[in-house]
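# What the coordinates show
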Amino acid sequence: MAGIYVHIPFCHSKCVYCDFFSTPNLTDADLLIEALIKEYHRRAAELTDKVETLYFGGGTPSIIAPDRLARLCKALPLDDVREFTIEANPEDVNQTSVRAWRDMGVNRVSMGIQSFDDTQLRAIGRRHSADDARRAINCLLDGGISNISCDLIYGLPDQTIPSWERSLTELLSYRLPHISAYCLSYEPGTALYAKMTAGKIEPTDDSVLDRMYKVLCKATASAGYEHYEISNFALPGMRSRHNSSYWNETPYLGLGPGAHSFDGVVRRYNTIDLKTYVKTADITVIDEETADQRFNDKLITALRTSDGLDVSTLPADRADYIIKACSPFISNGPMTITDSRLRINEEFWRRADAILRELIVV
Ligand code: SF4
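Remember, predicted model here, so these are calculated numbers, not experimental data. Residue numbering note: each chain is counted from 1, following its sequence as written. With the structure being a predicted model, the display of local features is reserved for residues of pLDDT at least 70 and the display and counting of side-chain atom pairs for 80 or more, all residues being used for whole-chain, interface and lining totals.

### Some points on the domain arrangement of the protein chain
For the protein chain, the assigned domains read domain 1 (2-246) and domain 2 (290-362). Here domain 1 and domain 2 have C-alpha centroids that lie 28 Å from each other. Residues are treated as contacting if the C-beta atoms built from their backbones sit within 7 Å of each other. Contact residues are listed per partner, giving 8 residues for domain 1 and 8 residues for domain 2. Mapped onto the side of domain 1 that touches domain 2, the elements with two or more residues apiece are helix H8 (206-222) and strand E7 (226-229). Amino acids are sorted into nonpolar (Ala, Val, Leu, Ile, Met, Phe, Trp, Tyr, Cys and Pro), charged (Asp, Glu, Lys and Arg) and polar (every other residue, Gly among them). Across the side of domain 1 that touches domain 2, the residue classes break down as 5 nonpolar, 1 polar and 2 charged. Domain delimitation in this document rests on an assignment produced automatically or drawn from a domain database. Only DSSP runs of H or I covering at least 4 residues are called helices, and only runs of E covering at least 2 are called strands; the numbering of each starts at the N terminus.

### Digging into the sheet that holds strand E15 (residues 341-344)
By the convention used here, strands pair only if DSSP detects at least 2 bridges between them. Reading across the sheet, the 3 strands line up as E13-E15-E14 and stay open at both edges, with antiparallel pairing between neighbours. Edge positions in the open sheet fall to strand E13 (309-310) and strand E14 (335-338), since each of these has one partner strand only. Where E13 meets E15, 2 bridges bridge the pair, whose relative direction is antiparallel. Paired with Leu 309 across the bridge in E15 is Leu 342.

### Overview of the site of the ligand
Taken together, Cys 11, Lys 14, Cys 15, Cys 18, Phe 20, Ser 22, Gly 58, Gly 59, Thr 60, Asn 89 and Gly 112 form the complete shell of residues around the ligand. Residue composition of the shell around the ligand, by class: 4 nonpolar, 6 polar and 1 charged. Nearness rests on one distance test: the residue's C-beta atom, set from the backbone, must lie within 6 Å of the molecule or strand.

### Digging into the nonpolar core
Residues Ile 4, Leu 36, Leu 152, Tyr 154 and Leu 255 are the most contacted members of the largest nonpolar core, which totals 65 residues. Not counting residues up to four positions away in its chain, the partners in contact with Leu 255 are Ile 4, Tyr 5, Val 6, His 7, Leu 36, Glu 39 and Tyr 40. We call a set of buried Ala, Val, Leu, Ile, Met, Phe, Trp, Tyr and Cys residues a nonpolar core when their C-beta atoms link them within 7 Å. To sort residues by burial, count the other C-beta atoms lying within 10 Å of each one's C-beta; a count of 20 or more means buried, 12 or fewer means exposed, and anything in between means partly exposed. C-beta atoms are built from the backbone. Listed in part, the 12 residues of the second largest apolar core include Trp 247, Leu 303, Met 335 and Leu 342.

### Re unusual backbone geometry
Of note, the bond from Gly 58 into Gly 59 is cis; its omega dihedral lies within 30 degrees of zero at 20°. Assignment of secondary structure puts Gly 59 in the loop between strand E2 (51-58) and helix H2 (66-75). You will see that Asp 339, though not glycine, has its phi angle at about 50°, which is positive. Checked against the element boundaries, Asp 339 lands in the loop between E14 and E15. What makes Asp 339 exposed here is the crowd of 6 C-beta atoms within 10 Å. Unlike most non-glycine residues, Ser 340 shows phi in positive territory, near 70°. Of note, Ser 340 is situated in the loop between E14 and E15. The class of Ser 340 is partly exposed, set by 14 C-beta atoms lying within 10 Å.

### Considering the environment of Leu 253
When you line up the elements, Leu 253 lands in strand E9 (residues 252-255). Leu 253 sits 251 residues away from Ala 2 along the chain, and the two C-alpha atoms are 7.9 Å apart. What Leu 253 contacts, discounting residues up to four positions off in sequence, is Ile 4, Arg 43, Glu 46, Leu 47 and Ser 261.

### Comments concerning the pairing of strand E1 (residues 2-8)
With respect to burial, E1 is a largely interior element, 7 of its 7 residues being buried. Across the two faces of E1 the burial is the same, with Ala 2, Ile 4, Val 6 and Ile 8 and Gly 3, Tyr 5 and His 7 all buried. When E1 meets E2, the two strands line up parallel, connected through 7 bridges. Bridging from a neighbouring strand, Val 6 pairs with Phe 56 of E2. If the strands point away from the viewer and the path from the first strand over the helix to the second runs clockwise, then the crossover is right-handed. For the crossover from E1 across helix H1 (residues 29-43) to E2, the handedness is right-handed. In the sheet, E1 pairs with E9 via 4 bridges, with the strands oriented parallel. Across the sheet, residue Tyr 5 finds its bridge partner in E9, namely Gly 254.

### Structural notes on the packing of helix H6 (residues 161-173) against H8
Working convention: axes come from line fits to C-alpha atoms, limited for helices to the stretch in contact. Angles between N-to-C directions cover 0 to 180 degrees. It is at 10 Å that the axes of H6 and H8 come closest, and there the two elements cross at 25°. The orientation of H6 relative to H8 falls into the category roughly parallel. Taken as a pair, H6 and H8 cross one another with a handedness that is right-handed. Contacts between H6 and H8 involve Ile 161, Trp 164, Glu 165, Leu 168, Thr 169 and Leu 172 on the former and, on the latter, Val 208, Arg 211, Met 212, Val 215, Leu 216 and Ala 219. Considering only residue class, the contact of H6 with H8 consists of 9 nonpolar, 1 polar and 2 charged. Orientation labels follow simple angle bins: below 35 degrees gives roughly parallel, above 145 gives roughly antiparallel, 65 to 115 gives roughly perpendicular, and whatever is left gives oblique. The sense of a crossing depends on the near helix, which, turned anticlockwise from the far helix by less than a right angle, makes the crossing left-handed and, turned clockwise, makes it right-handed.

### Quick word on the packing of H1 against H2
The geometry of H1 relative to H2 is characterised by a closest axis approach of 9 Å and an angle of 10° between their N-to-C directions. Relative to H2, the element H1 lies roughly parallel. Contact residues: H1 offers Ala 29, Asp 30, Ile 33, Leu 36, Ile 37 and Tyr 40, while H2 offers Arg 68, Arg 71, Leu 72 and Ala 75. Grouping the constituent residues of the contact of H1 with H2 by class yields 7 nonpolar, no polar and 3 charged.

Given below as structure tokens:
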């Protein structure tokens, strides 16, 4: 199987924590659609297997008028697609958009709602209210799209553990097939980071984040969700097929500015600059990974999942290396090895980056 990712770099406005490239200026939207079609035709031969997942991400793909998206869909290979996801923000979800998305083949919507507390939403620059999110979920369900994933963030400014619990409990009450939950990060270059360095905002204490993470793990497990990746939770059988393919090295073609591709051997990166992209629709960088980089990529992706890393699939020298490197973590509790699968235990996933830094080959 293979997947296609399409990057749409437009957003209505900038959320204060976001360090992705996006622009509110839709002037180039038509040019972008034409360039995406052109890029797909030029690179279609890179896909050697049937395309089973299609993902429109961003940015905010739901900002694009459905007729423009439909034009793009007509050029893409939809025949074997089993999961077609569009990322949406609540303010773009209405009866008309839901009908149009369904008509073009979308069967899954991933929506950023982040919190059910309006004060917290305003503090991070979200344009929608908690009521908008509630209305959008119901609109999708009424419109026949039940495969919904919603994102929440914990560690928001002034968010307490009880208020985090309230947002989580409300989201779980919808019993959606999939939930993503992220810890707020302060990325250099963002408005949030600037506020922090100016002393206007205090990041949430690590001990509070640990407790929020525990609340998250416990509540989702009690509700029957499988915690299958650091930030992702699914009801049985409802893992994101597309995102899982990133973590299990399935080839995917990434179209659009800033999109990445992986053909099973080589990673490619498109130019992030929208103006350059629409002019050239060309690949600017081909990353010929070294064997060590490929090994590190495999470690970093596999050990962020509940499936872990199957060391029996590694060459003997790599397997010996990783088992030795992990042995202190296995002895002390953060990791386990069972039936040749190495895993970081769920309670240590919040520390996964620090553990992975010790494991990668430098
Ligand atoms: S909507 Fe998403 S991509 Fe756009 S600015 Fe906000 S967080 Fe970033």
